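# Structural features, examined
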Protein chains: 2
Amino acid sequence: MAQIMRDVGIIGIGQTPVGEHYELSLRELALRAIRAALQDAHVQRVDALYVGNALGGQLSRQEHLGALIADYAGMLGIEAARVDAGEASGGAALRQGYIAVASGGADLALVVGVEKMTDQTAPDRLDIERGLTDSEFEGAQGMLPAAVGGLLMRRYMHVYGVDLAAFEGFSVNAHANGANNPNALLRNRLKPGSFAGAPMVADPVTLFDIAPDADGAAALILCPTEAARDLVPQPVRVAGSALATDALPLHDREDPLRLRAVETAVSRALDQAGVRIDDIDVFELHDAFTVLTALQLEACGLAARGEGWRLAARGEIGLAGRAPLSTFGGLKSRGNPLGATGVYQAAEVALQVRGEAGLNQVSDVGRGLALNLGGAGATAAAHILERVD
Amino acid sequence: MAQIMRDVGIIGIGQTPVGEHYELSLRELALRAIRAALQDAHVQRVDALYVGNALGGQLSRQEHLGALIADYAGMLGIEAARVDAGEASGGAALRQGYIAVASGGADLALVVGVEKMTDQTAPDRLDIERGLTDSEFEGAQGMLPAAVGGLLMRRYMHVYGVDLAAFEGFSVNAHANGANNPNALLRNRLKPGSFAGAPMVADPVTLFDIAPDADGAAALILCPTEAARDLVPQPVRVAGSALATDALPLHDREDPLRLRAVETAVSRALDQAGVRIDDIDVFELHDAFTVLTALQLEACGLAARGEGWRLAARGEIGLAGRAPLSTFGGLKSRGNPLGATGVYQAAEVALQVRGEAGLNQVSDVGRGLALNLGGAGATAAAHILERVD
């Protein structure tokens, strides 16, 4: 692969609280995050806008979000498009913003992830979720995303001989961190040992293993790193950016417990950044299901196969641990506004790199990894963000 | 705006017939065009795939087309994402493929536009079309895309004092050209003077003014121009690439008869290519409605405002005219598979530039313009393709 042509940095970060924003339309919700990011970057207009959104067409009957949001944000006329990669739409939009700046096509790019999950125009919610799976071969048979998570978790437990309790450390950690994040949806703490009594969602996935659907928007502003130094006091460099795919339907994966898109995307991003996984100080992984977190740790090379769950059991994922995870609560506690999630993850890593993570600041963060998945690993978008010294 | 970092060329072109492909799923339809493009380019695998698709989520209940189609095309693991800009999704996907190669993020990029309009899982077709408009302020009041076309046409007739007959030359020309295109949906010729009796769709838009919905897929393969010369005998250079937006709802446009996104995108693309509009030898404009063609000719600077229709009346849009339009039938005769249309347009211009337009070859084509619109001008994607000598 050729070299990336221009180095890219992040100069603005914005986000709305994750929650039920009944009174805000998609465009209004996006605008809140955009305004915050513009203010943070001290800019008023950009050259290009990339909107990460997964289900706006089906849930809100609104397609064509690029032009709609560009206009509503007061940037009539700019380049704008929506990017979709299922639940990885936010990460994919960030990737497009990154290549737009890297290509010279834009000097200032705005990436916004936005999703409204809690109200909908269309009545058939479960039928809509079909679209996130291989609709003809999975969804049409009733295998919706939660069932995909259930199959993965059951397989993991079966192959590696662990029980439900093996996963609870991930959610306990996420909620402990989310409790300190004012933008998080679920700020309650989870008690270790309480998981056995949690309501079942898709056997063996319980309510404590799955991230909640929610509304939210997050935004980032990108520009060449060279220019970033002059624009803001604390630019963050996108040291690595990669997006890779795998088979969408589980039945087409040779080994469902191997997240090959994660392996590819993370190793490409690390290569580009010129670092190893041990050089990463903070991780925002895609914890839509606890089992996915274990699998991502393994695919990243932070744990041997079948051993990812042990990092939680050993307390290595806490803020002072070897691999701090979900430092703003992750999908599990912060909430999972599908197409916005990947932008939230990158925004959170960027805040850690800037030293602005408040009570949950990990000490001395040089760089962090944001890993956004769609279709339980069918798309993986990996971004390594690092301090500009 | 910064300079584009790498020059980009087209080395592969593929398309399916436009029609009713009841027996083919979205992925299968896309695969037909992809295979043809790969064969044309003599390559088997690419680094990145961009899928232009507008309504797959709503019509076929299938989101996340990037990973799905990458896998089905035998390119498991590559970077892939779907791009949406309403009816300009194909042009927007081409733009993403272009910046991916320009950025160095990909050395070989595949752009496929695919849409299935003629059958659907969801029962509420009219409600689905809402999503292409400003859903809350237009669609919810019943103002679907055809009604938007009707308002524009009525306004044009009122302001410029022309009648229905002023527009018929566009459709007569499109059908005359489409008759020779084996991939066109409607290969019948239209009789001049027959328009008064055409069935009304959305007053004053008749069946002869509006392009038919259809199924289809088209694909292009991009790589750096420098490499393209070694790979294929007739590479086509993307001399200009630009995407711009305007307000999606008509009521937010200061002057609905001015297509500002077209003005911006075309002038940027011309600037990048270092040419003037008179240097363009062939035009594939977005003739979803005849009035849109007149407005695009005016926004491109090929006619004064209110005079675009005269080009058709004067016979200047024929294959031997000053501004040959719709040389493969345009949306009107070739058919309009929404998110695929922009890729068909660019493929057709590329064939003209290669001298492979068969019976409809315009003589001595040095360069051509593909102009894809979404939301009646809310998004305009302009690509200038030229011969590599």
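Along each chain, residues carry numbers from 1 onward, in the same order as the chain's sequence is written. Throughout, the order in which chains and ligands are written sets their labels, letters from A for the former and numbers from 1 for the latter. Confidence filtering applies because this is a predicted model: local features only for residues at pLDDT of at least 70, side-chain atom pairs given and counted only at 80 or more, and all residues used for totals across whole chains, interfaces and linings. Excluded from the side-chain calculation are hydrogens and water; included are all heavy atoms of the structure.

## Comments concerning the overall build of chain A
To be explicit about the condition: Note on conventions: DSSP H or I runs of at least 4 residues are helices, E runs of at least 2 residues are strands, and numbering of each starts at the N terminus. Atoms considered for the radius of gyration are the C-alpha atoms alone. The globule rule reads 2.2 Å times the number of residues to the power 0.38. Under the scheme applied here, a residue whose accessible area is under 20% of the maximum for its type counts as buried, over 50% as exposed, and between as partly exposed, the area being computed with a 1.4 Å probe on protein chains only. By the convention used here, residues are in contact when the closest approach between their heavy atoms is within 4.5 Å. The Shrake-Rupley method, run with a 1.4 Å probe sphere, supplies the accessible areas, and residue values consider only the shown protein chains as cover. Positive residues here are Lys and Arg, negative ones are Asp and Glu, while His and the chain termini are left out of the count. Here the site of a charge means NZ on Lys, CZ on Arg, CG on Asp, or CD on Glu.
For chain A, the count of helices and strands is 13 helices and 11 strands. The C-alpha radius of gyration computed for chain A amounts to 19 Å, which stays within 12% of the reference 21 Å derived for 389 residues, consistent with globular compactness. Here the C-alpha coordinates of chain A stretch approximately 55 × 45 × 40 Å along the principal axes. When each of the 389 residues of chain A is scored for burial, the buried share is 69%. Contacts in chain A between residues far apart in sequence, at least 24 positions, make up 77% of those at least 6 positions apart. Roughly 12,100 Å² of accessible area belongs to chain A as shown, and the carbon and sulfur atoms make up 49% of that amount. Averaging the coordinates of the 32 positive side-chain charges in chain A and doing the same for the 47 negative ones gives two points 2 Å apart.

## A look at the packing of helix α1 (residues 26-41) of chain A against helix α3 (residues 65-72) of chain A
Residue and element names in this part refer to chain A. The test is simple: Axis definition: a line fit to C-alpha positions, over the contact stretch in the case of helices; interaxial angles, taken between N-to-C directions, run 0 to 180 degrees. Comment on the angle field: the value is read as roughly parallel under 35 degrees, roughly antiparallel over 145, roughly perpendicular from 65 to 115, and oblique elsewhere. Crossing handedness is read from the near helix: turned anticlockwise from the far helix by less than a right angle, it gives a left-handed crossing, and turned clockwise, a right-handed one. Here the nonpolar group is Ala, Val, Leu, Ile, Met, Phe, Trp, Tyr, Cys and Pro; Asp, Glu, Lys and Arg are the charged ones; every other residue, Gly included, is treated as polar.
For the pair α1 and α3, interaxial distance at closest approach is 10 Å and the crossing angle is 60°. Judged by the angle between their axes, α1 and α3 are oblique. Helix-helix and strand crossings are classified by hand; for α1 and α3 the assignment is right-handed. Side by side, α1 and α3 meet where Leu-26, Arg-27, Glu-28, Ala-30, Leu-31 and Ile-34 of the first sit next to Leu-65, Leu-68, Ile-69 and Tyr-72 of the second. Grouping the constituent residues of the contact of α1 with α3 by class yields 8 nonpolar, no polar and 2 charged.

## Here's the deal with the packing of aromatic side chains
Residues and elements named next belong to chain A. Test applied: When the centres of two rings from Phe, Tyr and Trp lie within 6.5 Å, Trp using its six-membered ring, the rings pair. Their planes under 30 degrees apart give stacked, over 60 give edge-to-face, and anything left gives tilted. Any Lys NZ or Arg CZ that is within 6 Å of a ring centre and within 35 degrees of that ring's normal is treated as a charge sitting over the ring.
Enumeration over the complete set of coordinates arrives at 6 aromatic pairs over all chains. Seen from their ring centres, Tyr-156 and Tyr-160 are 4.7 Å apart, and the 70° between their planes marks the pair as edge-to-face. Taken as a pair, Tyr-156 and Tyr-160 lie in helix α6 (residues 145-160) at a separation of 4 residues, close to a single helical turn. An aromatic cluster of at least three residues, connected via ring pairs, comprises Tyr-156, Tyr-160 and Phe-167. Cation over ring: Arg-27 sits above Tyr-72, and NZ or CZ is 5.8 Å from the ring centre.

## Side note on the relation of the copies chain A and chain B
For clarity, the cut-off: Each copy is superposed on the other by least squares, with the fit set by C-alpha atoms of residues at a pLDDT of at least 70 in both.
If you rotate chain A by 180° and push it 0.0 Å along the axis, it lands on chain B with an RMSD of 0.0 Å. Such values leave the two copies arranged in the relation of a two-fold axis. Judged by C-alpha distance, Ser103(A) is the residue of chain A that lies nearest the rotation axis, at 1.8 Å. When the interface residues of chain A are mapped onto chain B, 100% of them are again interface residues, pointing to one common binding face.

## A few points about the pairing of strand β11 (residues 379-387) of chain A
Residue and element names in this part refer to chain A. Rules: When DSSP locates at least two bridges between a pair of strands, those strands are taken to pair.
Of all 9 residues in β11, 8 are buried, a share of seventy percent or more. With 9 bridges connecting them, strand β8 (residues 236-245) and β11 associate as antiparallel partners. In the strand pairing of β11, Val-238 is matched with Leu-385. Where strand β10 (residues 367-374) meets β11, 8 bridges bridge the pair, whose relative direction is antiparallel. In the sheet register, Leu-373 faces β11, and the bridge partner there is Ala-380.

## Description of unusual backbone geometry
Residue and element names in this part refer to chain A. Following Asp-203, the chain continues into Pro-204 via a peptide bond in cis, with omega recorded as 10°. Relative to the assigned elements, Pro-204 resides in the loop between β5 (200-202) and β6 (205-206). One non-glycine residue with positive phi stands out, namely Asp-364, at about 55°. Tracing the backbone shows Asp-364 in the loop between α13 (338-354) and β10.

## Digging into the interface of chain A and chain B
Using the following cut-off: Take the accessible area each of two parts loses on contact, using a 1.4 Å probe, and add the two losses: that sum is the buried area. A pairing counts as a salt bridge when a side-chain nitrogen of Lys or Arg comes within 4 Å of a carboxyl oxygen of Asp or Glu.
Taken together, the 71 residues of chain A in the interface contact 71 residues of chain B. Of the roughly 5,400 Å² buried between chain A and chain B on both sides combined, carbon and sulfur atoms contribute 47%. The interface formed by chain A and chain B contains 10 salt bridges. The salt bridge partner of Glu79(B) is Arg95(A), with a shortest N-O separation of 2.8 Å.

## Points about the side chain of Glu386(B)
Residues and elements named next belong to chain B. Selection criterion: A 3.5 Å cut-off defines polar contacts: any pair of N or O atoms within that distance qualifies, except that in protein one atom must be a possible hydrogen donor and the other a possible acceptor, and neighbouring residues in sequence count only when both atoms are side-chain atoms.
Mapped onto the secondary structure, Glu-386 falls in strand β11 (residues 379-387). A relative accessible area of 10% means that Glu-386 is categorised as buried. A distance of 2.9 Å separates the side chain of Glu-386 from the side chain of Arg-367, its partner in a polar contact. Ignoring sequence-local partners within four residues, the contact set of Glu-386 consists of Val-236, Arg-237, Ala-239, Val-353, Gly-366 and Arg-367.

## Examining the side chain of Arg334(A)
All names here are of chain A. Assignment of secondary structure puts Arg-334 in helix α12 (residues 330-334). By relative accessible area, which is 0% here, Arg-334 ends up buried. Looking at Arg-334, its side chain comes within polar contact range of the side chain of Glu-348, at 2.7 Å.

## Describing the environment of Gln62(A)
Topologically, Gln62(A) is positioned in the loop between α2 (56-60) and α3. By relative accessible area, which is 5% here, Gln62(A) ends up buried. Taking the C-alpha atoms as reference points, Gln62(A) and Arg27(A), separated by 35 residues in sequence, lie 9.8 Å from one another. Not counting residues within four places of it along the chain, the set of residues in contact with Gln62(A) comprises Leu26(A), Gly56(A), Gly57(A), Leu68(A), Gly131(B), Thr133(B), Asp134(B), Ser135(B), Glu136(B) and Leu248(B).

## Concerning helix α10 (residues 290-299) of chain B
Residue and element names in this part refer to chain B. For α10, the tally of buried residues reaches 10 of 10 residues, placing the bulk of the element in the interior. For α10, every residue scored as buried is listed here: Thr-290, Val-291, Leu-292, Thr-293, Ala-294, Leu-295, Gln-296, Leu-297, Glu-298 and Ala-299. Where α10 is buried, its residues meet α6 (145-160), α7 (168-178), α9 (260-273), α11 (308-313) and β10 (367-374). Following α10 by one or two positions, Gly-301 adopts a phi angle in the positive range, close to 90°.

## What to know about the confidence of the model for chain A
Regions with low pLDDT carry predicted coordinates that are not meant to be interpreted in detail. Put simply, the rule is: Predictor confidence is given residue by residue as pLDDT, running from a minimum of 0 to a maximum of 100.
Looking at chain A, the pLDDT average stands at 96 and 98% of residues meet or exceed 70. This prediction of the complex comes with two scores: 0.98 for pTM and 0.97 for ipTM.

## Points about the environment of Arg268(A)
Counting through the fold element by element, Arg268(A) comes out in helix α9 (residues 260-273). For Arg268(A), a relative accessible area of 31% puts it in the partly exposed group. Along the primary structure Arg268(A) and Gln345(A) are separated by 77 residues, whereas in three dimensions their C-alpha atoms are 19 Å apart. Setting aside its immediate chain neighbours within four residues, Arg268(A) contacts Ala242(A), Leu243(A) and Gly77(B).

## Some points on helix α4 (residues 89-103) of chain B
Residues and elements named next belong to chain B. Our working definition: Any helix carries an expected span of 1.5 Å times its number of residues minus one.
Look at α4: 21 Å from first C-alpha to last across 15 residues, which is about the 21 Å you get at 1.5 Å a residue. A large share of α4 lies buried, amounting to 15 of its 15 residues. After α4 finishes, the residue Gly-104 shows a positive phi value of roughly 85°.

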